[in-house]
Amino acid sequence: MKKNLLILALVMGMIFSFSGCTNKNNEDNSQKLRVGVTISPLKDFAEAIGGDKVEVFSIIPDGSDAHSFDPKPKDLNNLINTNMFIYNGLGMEEWIDSVLNTIENKDVKVVEASQGIETIEILEDEHNEDEHEEDDDHEHSGKDPHVWLSLENAIKEAENIKNALSEIDSDNKDYYEENYGTLKKEFISLKSEYETKFKEIDNKDFITGHAAFAYLCRDFGLTQKSIADVFGEGELTPKNLEDLINYCKENNVKVVFSESAASAKESETLAKEVGAKVEKIYSLETKEDNKSYLEGMKYNLETIYNSLK
Ligand SMILES: [Zn+2]
């Protein structure tokens, strides 16, 4: 009898441990969605909307240049097992084809976050035209990719991410909608605060390191002038420097901004020439100073506002 019980116990134990395995598998399946992203704002949006349903990682290490990043085979392999991959598009990720080729035909939902945004054409300014005269098919010609630096566009990118999450995980659609609604409210409130502030000042022109802020300017009726072009290329030639010095003097520019993507040294050279000071501004392409997207945008708007008022 005791022996029978022992056998029964062993059999039950096996059944339990087997069902334990099954349960564990079920748990694995219902675990968080794995979401791979490129630039830092997309990580913030996906985390804010996905909440505890997602695990988001960026394939670009913090602090590296997002335009010219070169994904290694291990970065690419890491994306095969994700549920979703989100990138900005519009030529922001110059290296995107290697990623898209890797996850093609895999079960990965691909989201181009800038879809549906009204884009700004890149107007090459005079010095760049001279440089590129015989280079008609310059690889960057086309649209300005820095859409997230507009709060208006950030709402659209967040909406695209929300829709994609709801599509692959419809059980949690309401949860994603609610988180998106909260995020959207924060973006709208920050935008309207600075619409009022910028309306009250006459000075609307600022100088920055690389021309990343066209969409921010569009939101608030401002104008940017830059040392390097929209892709962080182009250098400060004596002719450019002279043009910028004249511009600063004519427009009474007191601050020259500098981002990590561009050369701070060149901003300093210009600032010194015109007696301005150099201040930091964030293109937010990678995470800097541990600032979230919203904190970075608040900082940018307040810093630009203070330099103009
Ligand atoms: Zn950039």
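Anything mentioned here points back to the structure above.
Since the structure is predicted, the reported quantities are computational estimates derived from the model, not experimental observations.

Draft legend 1. Unusual backbone geometry, seen in detail. For Asp289, which is not glycine, the phi dihedral falls at a positive 50°. Positive phi outside glycine occurs at Asn290, with the angle close to 55°.

Draft legend 2. The arrangement of the packing of helix H9 (residues 238–250) against helix H10 (residues 264–274) in detail. Viewed as axis vectors pointing N to C, H9 and H10 meet at an angle of 50°, and their least axial separation amounts to 10 Å. Considering the angle they form, H9 stands oblique to H10. Along this stretch, H9 crosses H10, giving a crossing that reads as right-handed. Residue-level inspection shows Leu241, Leu244, Ile245 and Cys248 of H9 in contact with H10, the latter providing Thr269, Leu270, Glu273 and Val274. The residue makeup of the contact of H9 with H10, split by class, is 6 nonpolar, 1 polar and 1 charged.

Draft legend 3. Representation of the sheet that holds strand S2 (residues 54–58) in the model. Within the open sheet, the 4 strands sit side by side as S2-S1-S3-S4. Their pairing is parallel. Each of the sheet's edge strands pairs with one partner strand only, and the pair in question is S2 and strand S4 (109–112). Strand-to-strand twist of the sheet, defined as the mean angle between neighbouring strand axes without regard to direction, takes the value 20°. The strands touched by helix H2 (residues 40–50) within the sheet are strand S1 (33–37), S2 and strand S3 (84–87), with S2 carrying the most contacts at an inclination of about 175°.

Draft legend 4. Seen up close, the coordination of the zinc ion. Ligation of the zinc ion by protein atoms is provided by His67 (NE2), His146 (NE2), His210 (NE2) and Glu285 (OE), these donors lying 2.0 to 2.3 Å from the ion. Taken together, the 4 donor atoms surrounding the zinc ion define angles of 96 to 118° at the centre, an arrangement classified as tetrahedral. Here the donor residues for the zinc ion map to a single chain with the spacing H-x78-H-x63-H-x74-E. A residue pair is termed long-range when its members are at least 10 positions apart, and His146 in the loop between helix H5 (126–132) and helix H6 (151–168) and His210 in strand S5 (residues 205–210) qualify at 64 residues.

Draft legend 5. Summary view of the packing of H2 against H6. Two elements in contact, H2 and H6, have axes whose closest approach is 10 Å; the angle formed by their N-to-C orientations is 50°. Accordingly, the angle class assigned to the pair H2 and H6 is oblique. Here H2 runs over H6; the crossing is right-handed. Only Ala154, Glu157, Ala158, Ile161, Lys162 and Leu165 of H6 make contact with H2, whose side of the interface consists of Leu42, Phe45, Ala46, Ile49 and Gly50. Its residues assigned to classes, the contact of H2 with H6 shows 8 nonpolar, 1 polar and 2 charged.

Draft legend 6. Just the pairing of S4, in detail. Note that S3 and S4 share 4 bridges and pair parallel. Each bridged residue has a counterpart across the sheet, and for Met84 the counterpart in S4 is Lys109. On the question of chirality, the crossover connecting S3 to the parallel S4 by way of helix H4 (residues 96–103) is right-handed.

Draft legend 7. How the structure looks around the pattern of salt bridges. Counted under the stated rule, the structure contains 16 salt bridges. Measuring nitrogen to oxygen at the nearest pair gives 4.0 Å for the salt bridge that ties Glu193 to Lys197. Of the two residues, Glu193 and Lys197 are both situated in helix H7 (residues 173–199); the distance of 4 residues between them amounts to about one turn of the helix. On the accessibility criterion, Lys197 (22% relative accessible area) is partly exposed. Between Lys280 and Asp289 there is a salt bridge, with its nearest N and O atoms 3.0 Å apart. Since its relative accessible area comes to 48%, Asp289 is described here as partly exposed. Among the ionic contacts, a cluster of salt bridges with common partners joins Glu152, Lys191 and Glu195.

Draft legend 8. How the structure looks around the environment of Ile60. Residue placement: Ile60 occurs in the loop between S2 and helix H3 (73–80). Once the C-alpha coordinates of Ile60 and Thr38 are considered, the two residues, 22 residues apart in sequence, prove to be 5.9 Å apart. The contacts of Ile60, once residues within four sequence positions are left out, are Thr38, Ile39, Ala66, Phe69, Trp95 and Thr286.

Draft legend 9. The environment of Asn290, seen in detail. With respect to the helices and strands, the residue Asn290 is situated in the loop between strand S8 (277–280) and helix H11 (293–308). You can call Asn290 exposed: its relative accessible area is 65%. Residues Asn290 and Asp62, 228 residues apart in the sequence, show an inter-C-alpha distance of 9.7 Å.

Draft legend 10. Just the nonpolar core, in detail. Residues Ile86 and Phe198 are the most contacted members of the largest nonpolar core, which totals 68 residues. What Phe198 contacts, discounting residues up to four positions off in sequence, is Lys204, Phe220, Leu222, Leu301, Ile304, Tyr305 and Leu308.

Draft legend 11. Here's a closer look at the side chain of Asp75. With respect to the element layout, Asp75 can be found in helix H3. On the basis of relative accessible area, Asp75 is assigned to the buried category, the value being 14%. Polar side-chain contacts of Asp75 include one of 2.8 Å to the backbone nitrogen of Lys72. Every residue in contact with Asp75, bar those within four places of it in the chain, is listed here: Ile59 and Phe69.

Calculation notes
Residues numbered from 1 in each chain as written. Predicted model: local features only at pLDDT ≥ 70, side-chain atom pairs only at ≥ 80, totals over all residues. Heavy atoms only, no water. Axes fitted to C-alpha atoms, helices over the stretch in contact; angles between N-to-C directions. Helix = DSSP H or I, 4+ residues; strand = E, 2+ residues; numbered from the N terminus. Parallel < 35°, antiparallel > 145°, perpendicular 65-115°, else oblique. Left-handed = near helix turned anticlockwise from the far one by under 90°. Contact = heavy atoms within 4.5 Å. Nonpolar A, V, L, I, M, F, W, Y, C, P; charged D, E, K, R; others polar. Pairing = 2+ DSSP bridges. Donors = N, O, S within 2.8 Å, 3.2 Å for Na, K, Ca; no water. Tetrahedral: all angles 85-135°; square planar, octahedral: opposite > 155°, others 65-115°. Right-handed = clockwise from strand over helix to strand, strands pointing away. Salt bridge = Lys/Arg side-chain N within 4 Å of Asp/Glu carboxyl O. Buried < 20%, exposed > 50% of the residue type's maximum accessible area, 1.4 Å probe, protein only. Core = buried A, V, L, I, M, F, W, Y, C linked by side-chain atoms within 4.5 Å. Polar contact = N/O pair within 3.5 Å; in protein donor to acceptor, adjacent residues only side chain to side chain.

By themselves, these figures tell us nothing about what the structure is for.
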